[in-house]
Amino acid sequence: MTQSSWTPDQPIVSLKNVRKSFGELEVLKDISIDVMKGEVICIIGPSGSGKSTLIRCINALNDIQAGSITVEGHEVHNPDLNKLELRKKVGMVFQQYNLFPHKTALENVMMAPIKVLKQSKEEVEKRARALIKKVRLEGKEDAYPGELSGGQQQRVAIARSLAMTPAVMLFDEVTAALDPETVKEVLVTIKELAEEGMTCILVTHEMGFAREVADHIYFTDRGVIVEHGPPDTFFDNAQDPRTKEFLSQIL
């Protein structure tokens, strides 16, 4: 990425009037969000409200029809932008772990820095081992994904994203496919990242977690941001009838 004039007092991620359609269906309608460095943003809302599409647009997995998205001042949807450079800055963890089944946990974490960043194997292995320890999977370095629980696989996926030393982490419903007892271990890992100052944007349906870790919560419905605010205000004093109805169904 070329040098931009971005400084940490400006939003690290900024969406301005973003519109996204799939054919005739407009999924994002004039979305604007600013995220400051070190902030944790949770995006919540009913299924099909555009949440996953929104964060997929931030690292250019989906294109947009109008508006602008910048990361550290770089326009994400500028045709000249190197997508690989962007994805070094923006890590993403999906609902599906997408681990390579024939590679060990350690190899999964090491692959991208060696292949993409062209870093030395020794340096990467040291970092990968530290990251596996960080997500509390010490002793599982040589295990294959098939030998790990869903929660363990998801933590390997988080370590793999962190191995690229991103500036921002995106999490798309990362606990949706997990059984209840493994949800917590993944959420604890994300919480620790947040406490260390990692900028995180999460699509989640874990409301207790959102309340605990988020600096700001956005509620989306039918492609628009209906309401947003700090967790206490949002959960205890929601203003919009749609927000109130949504919260009454899930809390």
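Shown above is the structure to which this text applies.
What this report covers is the structure whose coordinates are included nearby. The structure displayed is predicted, hence computed values, not measured ones.

1. Observations concerning the nonpolar core
No. 1: Counting residues in each nonpolar core, the largest one holds 50 residues, and the members touching the most others are Val109, Ile158, Phe171, Ile190, Leu202 and Ile217.
No. 2: For this core, the element with the highest residue contribution is helix H6 (residues 180-195), accounting for six residues.
No. 3: Counting residues in hydrophobic clusters, the runner-up holds 30 residues, among them Leu54, Ile64, Leu81 and Val168.

2. Description of the packing of helix H5 (residues 150-162) against H6
What describes two packed helices is the angle between their axes and the distance between those same axes.
No. 1: Interhelical geometry of H5 versus H6 gives an angle of 20° and a closest axis separation of 8 Å. Taken together, the axes of H5 and H6 are roughly parallel relative to one another. The handedness of the crossing between H5 and H6 is right-handed. Touching Gly151, Gln152, Gln154, Arg155, Ile158 and Leu162 of H5 are Thr182, Glu185, Val186, Thr189, Ile190 and Leu193, all from H6.
No. 2: Classifying every residue of the contact of H5 with H6 by side-chain character gives five nonpolar, five polar and two charged.

3. With respect to the packing of aromatic side chains
No. 1: Taken as a whole and assessed by the stated rule, the structure comprises two aromatic pairs.
No. 2: With centroids separated by 4.9 Å and ring planes inclined at 35°, the aromatic side chains of Phe219 and Phe246 adopt a geometry described as tilted. Taken together, the positions of Phe219 in strand S9 (residues 216-221) and Phe246 in helix H9 (residues 241-250) put the pair 27 residues apart, joining distant regions of the chain.
No. 3: Phe219 sits in the buried class, given a relative accessible area of 1%.
No. 4: Cation over ring: Lys20 sits above Phe22, and NZ or CZ is 4.4 Å from the ring centre.

4. Quick notes on the sheet that holds strand S2 (residues 25-35)
No. 1: Overall, antiparallel pairing links the four strands, which are arranged S2-S1-S4-S5 in an open sheet. Both outer strands of the open sheet, S2 and strand S5 (74-75), are each paired with one neighbouring strand and no more.

5. Some thoughts on the pattern of salt bridges
No. 1: Within this structure, the stated rule accounts for 15 salt bridges.
No. 2: A salt bridge links Lys191 to Glu195, with the nearest nitrogen and oxygen atoms 3.7 Å apart. In this pair, Lys191 and Glu195 are both assigned in helix H6, four residues apart and thus about one turn of the helix distant.
No. 3: For Lys191, a relative accessible area of 27% gives the class partly exposed.
No. 4: What makes Glu195 exposed here is its relative accessible area of 59%.

6. Observations regarding the sheet that holds strand S10 (residues 224-229)
Hydrogen bonds between backbone atoms are what pair the strands of a sheet, whose relative direction is either parallel or antiparallel.
No. 1: With respect to topology, six strands assemble into an open sheet ordered S6-S7-S8-S3-S9-S10, the strand pairing being mixed. Pairing within the sheet leaves two strands with one partner each, and these edge strands are strand S6 (90-93) and S10. Taken over all neighbouring pairs, the strand axes of this sheet differ in orientation by 20° on average, direction set aside.
No. 2: For strand S3 (residues 40-44) and strand S8 (residues 199-203), the ladder comprises four bridges, and the chain directions are parallel. In the strand pairing of S8, Val40 is matched with Cys200.
No. 3: Contacts between H5 and the sheet are confined to S6 and strand S7 (168-172), with S6 contributing the most and set at about 170° to the helix.

7. Details of the side chain of Gln152
No. 1: Topologically, Gln152 is positioned in helix H5.
No. 2: When sequence neighbours within four positions are dropped, the list of residues in contact with Gln152 reads Leu137, Lys140 and Glu185.

8. Let's talk about helix H3 (residues 105-115)
No. 1: Among the residues of H3, those classed as buried are Ala105, Leu106, Asn108, Val109, Met110, Met111 and Pro113.
No. 2: Where H3 is buried, its residues contact helix H4 (121-134) and H5.

9. Examining the side chain of His216
No. 1: Residue position: His216 is located in strand S9.
No. 2: Residue class for His216 comes out buried when judged on its relative accessible area of 17%.
No. 3: Side-chain polar atoms of His216 contact the side chain of His228, separated by 2.7 Å.

Analysis parameters
Residues numbered from 1 in each chain as written. Predicted model: local features only at pLDDT ≥ 70, side-chain atom pairs only at ≥ 80, totals over all residues. Heavy atoms only, no water. Core = buried A, V, L, I, M, F, W, Y, C linked by side-chain atoms within 4.5 Å. Buried < 20%, exposed > 50% of the residue type's maximum accessible area, 1.4 Å probe, protein only. Helix = DSSP H or I, 4+ residues; strand = E, 2+ residues; numbered from the N terminus. Axes fitted to C-alpha atoms, helices over the stretch in contact; angles between N-to-C directions. Parallel < 35°, antiparallel > 145°, perpendicular 65-115°, else oblique. Left-handed = near helix turned anticlockwise from the far one by under 90°. Contact = heavy atoms within 4.5 Å. Nonpolar A, V, L, I, M, F, W, Y, C, P; charged D, E, K, R; others polar. Phe/Tyr/Trp six-rings, centres within 6.5 Å; stacked < 30°, edge-to-face > 60°. Lys NZ or Arg CZ within 6 Å of the ring centre and 35° of its normal. Pairing = 2+ DSSP bridges. Salt bridge = Lys/Arg side-chain N within 4 Å of Asp/Glu carboxyl O. Polar contact = N/O pair within 3.5 Å; in protein donor to acceptor, adjacent residues only side chain to side chain.

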